[in-house]
Amino acid sequence: MNLDIFENYAELSDKASDRMIRQLIDNPFSLFCLATGDTPRLTYEMFVDKVKTRGIDSSGMFLIGLDEWIGVRPQTSGACCRYLRECIIGPLSLDDSRVLLFDGVAVSELNECSKMNALIEEKGGIDFTVAGIGMNGHIGFNEPGTSPNAVAHVTVLDELTRRVGQKYFSDMVRLMTGITVGLKQVMESRQLIVMANGERKAPVIKRMLGEKINERFPASLIRNHPTAMLMIDREAARLLENGVV
Ligand code: F6R
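Reading the values: the criteria
Residues numbered from 1 in each chain as written. Predicted model: local features only at pLDDT ≥ 70, side-chain atom pairs only at ≥ 80, totals over all residues. Heavy atoms only, no water. Helix = DSSP H or I, 4+ residues; strand = E, 2+ residues; numbered from the N terminus. Rg over C-alpha atoms; globule rule 2.2 N^0.38 Å. Buried < 20%, exposed > 50% of the residue type's maximum accessible area, 1.4 Å probe, protein only. Contact = heavy atoms within 4.5 Å. Lys, Arg positive; Asp, Glu negative; His and termini not counted. Charge placed at Lys NZ, Arg CZ, Asp CG, Glu CD. Pairing = 2+ DSSP bridges. Axes fitted to C-alpha atoms, helices over the stretch in contact; angles between N-to-C directions. Near = heavy atom within 4 Å. Polar contact = N/O pair within 3.5 Å; in protein donor to acceptor, adjacent residues only side chain to side chain. Areas by Shrake-Rupley, 256 points an atom, 1.4 Å probe, with all protein chains shown as cover. Nonpolar A, V, L, I, M, F, W, Y, C, P; charged D, E, K, R; others polar.

In this section: the overall build of the chain. Regarding its fold elements, the chain presents seven helices and ten strands. In terms of C-alpha radius of gyration, the chain reaches 17 Å, essentially the compact-globule figure of 18 Å for 245 residues. Over its C-alpha atoms, taken along the principal directions, the chain stretches across nearly 45 × 40 × 35 Å. A total of 245 residues make up the chain; the buried ones form 53% of that total. The long-range share in the chain, meaning contacts at least 24 apart out of those at least 6 apart in sequence, stands at 79%. Charge centroids of the chain, computed over 28 positive and 32 negative side chains, lie 2 Å from each other.

The subject of this paragraph is the sheet that holds strand 1 (residues 2–6). The seven strands are arranged 1-10-9-6-2-3-5 in an open sheet whose pairing can be described as parallel. Two strands lie at the open edges of the sheet, namely strand 1 and strand 5 (99–100), each paired on one side alone. As paired strands, strand 3 (residues 62–65) and strand 5 are joined by two bridges and run parallel to one another. Counted as the bridge partner of Leu63 is Val99 from strand 5. Taken strand by strand, helix 4 (residues 109–122) contacts strand 2 (31–34), strand 3 and strand 5, and its axis lies near 145 degrees from that of strand 3.

The next subject is the site of the ligand. Around the ligand, 16 residues are found, and the nearest of them are Thr39, Asp67, His138, Tyr168 and Lys201. One of the side-chain nitrogen or oxygen atoms of His138 is found 2.7 Å away from an oxygen atom of the ligand. A distance of 2.8 Å is found between an oxygen atom of the ligand and a side-chain nitrogen or oxygen belonging to Lys167. Protein coverage of the free-state accessible area of the ligand, which is 410 Å², stands at 95%. Taken together, the residues of the shell around the ligand sort by class into four nonpolar, seven polar and five charged.

Structure representation (structure tokens):
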């Protein structure tokens, strides 16, 4: 893993969107696995803008959602699938046949996992993942203690994830479980960018880089990824000295 520190959120988002653009140009049929949340919002906005203004053909790309809240209807604001539809799928007019998002209210959650696992396998793995980092070090909904060998699975959300997750919803929702692409699939992603911005992420970044690589803090596992880029802004890097802990 490499670390890149940017002046601010705008610069971080600009450079992250450039990486997505480079991936799309190099392989127009790339399988992208995308997180939602506050962190990548501007990255996706810039990515869409660059695709459009540069006339890049995005019709071949395939998009999967990294995770979803179980029990949250797709049309609810706060649902990960709604976010990806509004930020990327809609603006780029991606065909439904090139998108796979977890359905948080599906009859069978296990079937959702099987579909995702089968697709990732059929495509020969993920080409490019964009991930954020939770306040507890989660990647997607791979919560502390998740096995590094996990593929797509249903997970009981950590207390902190449930609490912090309320920020995405205008009304109180009951967040108990989630569904996520597994750590193994994320770690096997050919390209992986993990992003963090803002002061509140500074202790998280410090732990991610400072602690022994361990499953109790899933983000630390990213350090083992050969090509991963940890892209953060100055505020998130505040507790690092000389770019390291
Ligand atoms: C969301 C996801 C989560 C978030 C993480 C950081 O799809 O995968 O792991 O990336 O919780 O969220 P923000 O960016 O809102 O701080």
